Amino acid sequence: MSEQAAPREFCARNRSAHPPAFAPGYKTTVLRSPRNAPIALLNSLSEITAPVFSSDDLGPLDNDLILNYAHGGLPVGERIIVHGYVRDQFARPVPNALVEVWQANAGGRYRHRNDTYIAPIDPNFGGCGRMLTDRDGHYVFRTVKPGPYPWRNSVDDWRPAHIHYSISGSGWVQRLITQLYFEGDPLISQDAILRTIPDEAAVRQLIARLDRNSGVPLDSLAYRFDIVLRGARATWFESAVQGQPAMQSE
Amino acid sequence: MVNTPEQLQETASQTAGPYVHIGLAPHAAGFDIFEKNFSNVLAGSGTRGDRIRIEGRVIDGSGTPLRDVLLEMWQANAAGKYRHPADLQDKPLDDTFRGWGRACSDFESGIWFFDTVKPGPVEGRTGRTMAPHVNLWIVARGINLGLNTRMYFSDEAEANAKDPVLNLIEWEVRRSTLIGQREARAGMSVYRFDIHIQGPNETVFFDV
């Protein structure tokens, strides 16, 4: 069957593996968390579809953070390659997913109008990149390792080094934002944001591993970070989509 | 022992943080890096349909607008068709319309907006027609898992009354939190849609 003939819907989200909306150890959540339970909504066309992106949306250097904001020099910091696979819960590759990343520079400073940390802006580093996964669900980008930085939560909280990820898959309900952390970082165990996740296995899944087989000798180390999006399965409502009655009530 | 292969667990969400603009809307962060940028303007000059603006704020539990929030909107075209291979409805696509955009709130006022066309109705899961609506996804510092909601249109009262999703909401008083209110402003149709994350008028969010 062609893709067109077989619409899919997505497995229900296991919310216990995600951080709760109200997580007072991360203080900003207190006023930014709904108090009512979310209303369960079965997938309709509005949920199983999503924007389709193409290489026309991107530029050639968009996944090279070492060069995409270089102004006459290279960014300061430890050169790294980050790569991995975007798969669904059934381990099937998610091709053509839009992966967008952003991060602080090697000193822990963001190029952002609201970041006032004392560490300097790097004139050759923008701190963002984006790419589409290939047919195997693989993505890769090059960057410098971000630095840790202090933030206002408790009096002396520090974020471990991390890279923010945004992933857009083939369905609106797969949309996900997360963060990559680096294996071996001693700040990981104390991080108030990472600790909002109640499930230890889910936390480990956010820690990228040093990948000694994917670096460039005398140039860059590599880290491997795989991402799992919600699983797509065949629907039982094809006929309903075409206008006939179906079994389930909404 | 189980007789089925183990399935993978969805990667856990983390907050988009205060600097989400760097990655998703670098102009808003204060710099220019990509040749091509995503935007809050969904409709091109040739797009078919009624031109509208959807505008609002996202408001926290103290009544304060979020000034660092980012929203994405996904919608059908004026004929009620999504630009996606899983939409098998026999309706025309519009080559000028992807149906997706991304908006940031203003750093002072907290106001965000999308310029688009009004979507048509779409077939629902069980064959009942869904009233025209847009799908919204909201992320910011302090939001651990992106919030999903929908906006319906105040001038579609009859269709809204039959909408299978609005009718799912047991508390009828809460349904009104999903209705954008039409205002005519200098010849433009503006739908005002304030999203309350918390508080007495808390918006309905969906576990999708």
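Described in the following lines is the structure provided in the data block. On a predicted model such as this, the values are computed, not experimentally measured, just so you know. Within each chain, residue numbers correspond to sequence positions counted from 1 in written order. Whichever chain is written first becomes A and whichever ligand is written first becomes 1, with later ones labelled in order. Two thresholds apply to this predicted model, a pLDDT of at least 70 for residue-level local features and 80 or more for giving and counting side-chain atom pairs, whereas whole-chain, interface and lining totals are computed over all residues. Note that water and hydrogens are dropped before the side-chain values are worked out from all heavy atoms of the structure.

Some points on the overall build of chain B
Logical step 1: For chain B, the count of helices and strands is four helices and 13 strands.
Logical step 2: Just to be clear, the radius of gyration here is over C-alpha atoms, and the globule rule we use is 2.2 Å times residues to the power 0.38. In terms of C-alpha radius of gyration, chain B reaches 18 Å, essentially the compact-globule figure of 17 Å for 208 residues.
Logical step 3: Along the three orthogonal principal directions, the C-alpha set of chain B runs to about 65 × 40 × 40 Å.
Logical step 4: Throughout, a contact is declared for two residues whenever any of their heavy atoms are within 4.5 Å. Taking the contacts inside chain B whose residues are at least 6 apart along the sequence as the reference set, 67% of them involve residues at least 24 apart.
Logical step 5: Carbon and sulfur atoms form 48% of the exposed surface of chain B, whose accessible area is close to 8,100 Å². The secondary structure listing takes helices from DSSP runs of H or I that are at least 4 residues long and strands from runs of E that are at least 2 residues long, numbered from the N terminus. Only the protein chains shown count as cover for residues, with accessible areas throughout obtained via the Shrake-Rupley method and a probe of 1.4 Å.

Some points on the sheet that holds strand S3 (residues 70-75) of chain B
All names here are of chain B.
Logical step 1: Pairing is mixed across the open sheet formed by eight strands, whose spatial order is S4-S3-S8-S9-S10-S11-S1-S5. The sheet terminates laterally at strand S4 (100-104) and strand S5 (112-117), the two strands that pair on one side only. Mean inter-strand twist for the sheet, computed between neighbouring axes without regard to direction, equals 30°.
Logical step 2: Pairing geometry for strand S8 (residues 133-139) and strand S9 (residues 147-153), over six bridges, is antiparallel. The residue of S9 that forms the bridge with Asn135 is Arg150. Strand pairing requires that DSSP identify at least two bridges connecting the strands. To obtain an axis, a line is fitted to C-alpha atoms, over the contacting stretch when the element is a helix, and the angle between two such axes runs from 0 to 180 degrees between their N-to-C directions.

Section: the pattern of salt bridges
Residue and element names in this part refer to chain B.
Logical step 1: Salt bridges are identified by distance alone: a Lys or Arg side-chain nitrogen within 4 Å of an Asp or Glu carboxyl oxygen. All chains considered together, the criterion is met by 30 salt bridges over all chains.
Logical step 2: Taking the shortest distance from any N to any O, the salt bridge between Glu72 and Arg102 comes out at 2.8 Å. In this pair, Glu72 is assigned in strand S3 and Arg102 in strand S4, connecting sequence segments 30 residues apart.
Logical step 3: For Arg102, a relative accessible area of 4% corresponds to the buried category.
Logical step 4: Between Arg83 and Asp95 there is a salt bridge whose closest N-O contact spans 3.6 Å. Taken as a pair, Arg83 in the loop between S3 and S4 and Asp95 in the loop between S3 and S4 lie far apart in primary sequence, 12 residues in all.
Logical step 5: Residue classification places Asp95 among the exposed positions, given a relative accessible area of 71%. Classification of residues uses two cut-offs on accessible area relative to the type maximum, computed with a 1.4 Å probe and protein chains only: under 20% is buried, over 50% is exposed, and between them is partly exposed.

Topic: the nonpolar core
Logical step 1: Only buried Ala, Val, Leu, Ile, Met, Phe, Trp, Tyr and Cys residues count toward a nonpolar core, and they belong to the same one when joined by side-chain atoms within 4.5 Å. Within the largest apolar cluster, 89 residues are counted, with the highest numbers of intra-cluster contacts made by Tyr139, Phe141 and Tyr165 of chain A together with Phe206 of chain B.
Logical step 2: The element contributing the most residues to this core is strand S10 (residues 176-182) of chain A, with five residues.
Logical step 3: Discounting chain neighbours no more than four positions away, the residues touching Phe141 of chain A are Asn63, Leu65, Ile80, Ile81, Val82, Val101, Met131, Ile163 and Tyr165 of chain A.
Logical step 4: The next biggest cluster of nonpolar side chains, apart from the first, holds 27 residues, and it includes Val58, Val69, Val117 and Met151 of chain B.

Brief notes about the state of the cysteines
Disulfides are covalent bonds that connect the sulfur atoms of two cysteines.
Logical step 1: Cysteine sulfur atoms are paired as a disulfide whenever they come within 2.5 Å of each other. For the structure shown, the criterion picks out zero disulfides over all chains.
Logical step 2: Left without a disulfide partner, Cys104 of chain B is nearest to the cysteine sulfur of Cys128 of chain A, which lies 13 Å away.
Logical step 3: The exposure class assigned to Cys104 of chain B is partly exposed, which follows from its relative accessible area of 22%.

Notes on empty space enclosed by the protein
Logical step 1: Cavities and pockets were defined on a 1 Å grid built from protein atoms only: a cavity is a group of points that admits a 1.4 Å probe but offers it no way out, a pocket is an open group of points flanked by protein on both sides within 12 Å along at least five of seven lines, and a lining residue is one with an atom within 4 Å of any such point. Grid points are joined across faces, edges and corners, and a volume is the space filled by probe spheres set on the points. Considering all chains together, one arrives at three cavities of 30 Å³ or more under this definition.
Logical step 2: As for the largest cavity, its lining consists of 15 residues, of which Ile177 of chain A together with Ser13, Trp137, Leu145 and Gly146 of chain B are closest to the centre.
Logical step 3: Among the secondary structure elements, those contributing two or more residues to the lining of the largest cavity are S10 of chain A together with S8 of chain B.

Focus on the interface of chain A and chain B
Logical step 1: On the chain B side, the residues contacting the 98 residues of chain A number 82 residues.
Logical step 2: Defined in terms of a 1.4 Å probe, buried area is the accessible area two parts forfeit on being brought together, summed over both. Summing the contributions of chain A and of chain B, the shared interface buries around 8,400 Å²; its carbon and sulfur component is 57%.
Logical step 3: Between the two partners, chain A and chain B, sit eight salt bridges.
Logical step 4: Each polar contact in these results corresponds to two N or O atoms within 3.5 Å; when the atoms are within protein, one needs to be able to donate a hydrogen and the other to accept it, and residues that are neighboring in sequence are counted only if both atoms are side-chain atoms. Applying the counting criterion to the chain A and chain B interface returns 44 residue pairs in polar contact (both at pLDDT 80 or more).
Logical step 5: Looking at the side of chain A that touches chain B, the elements that each hand over two or more residues are strand S2 (39-40), helix H1 (45-48), strand S4 (98-103), strand S5 (128-132), strand S9 (162-168), S10, strand S13 (227-229) and helix H3 (238-241) of chain A.
Logical step 6: No other element matches S10 of chain A, which puts five residues into the side of chain A that touches chain B.

Here's the deal with the side chain of Gln103 of chain A
Residue and element names in this part refer to chain A.
Logical step 1: Turning to its location among the elements, Gln103 is positioned in strand S4.
Logical step 2: We classify Gln103 as buried; its relative accessible area is 1%.
Logical step 3: At a separation of 2.8 Å, a polar atom in the side chain of Gln103 contacts the side chain of Thr143.
Logical step 4: Here the side chain of Gln103 touches Val144 through a polar contact of 2.8 Å, landing on its backbone oxygen.

Some points on unusual backbone geometry
Residues and elements named next belong to chain A.
Logical step 1: Unlike most non-glycine residues, Ala91 shows phi in positive territory, near 70°.
Logical step 2: When you line up the elements, Ala91 lands in the loop between strand S3 (79-88) and S4.
Logical step 3: One non-glycine residue, Asn96, lies in the positive phi region at around 60°.
Logical step 4: Along the chain, Asn96 falls in the loop between S3 and S4.

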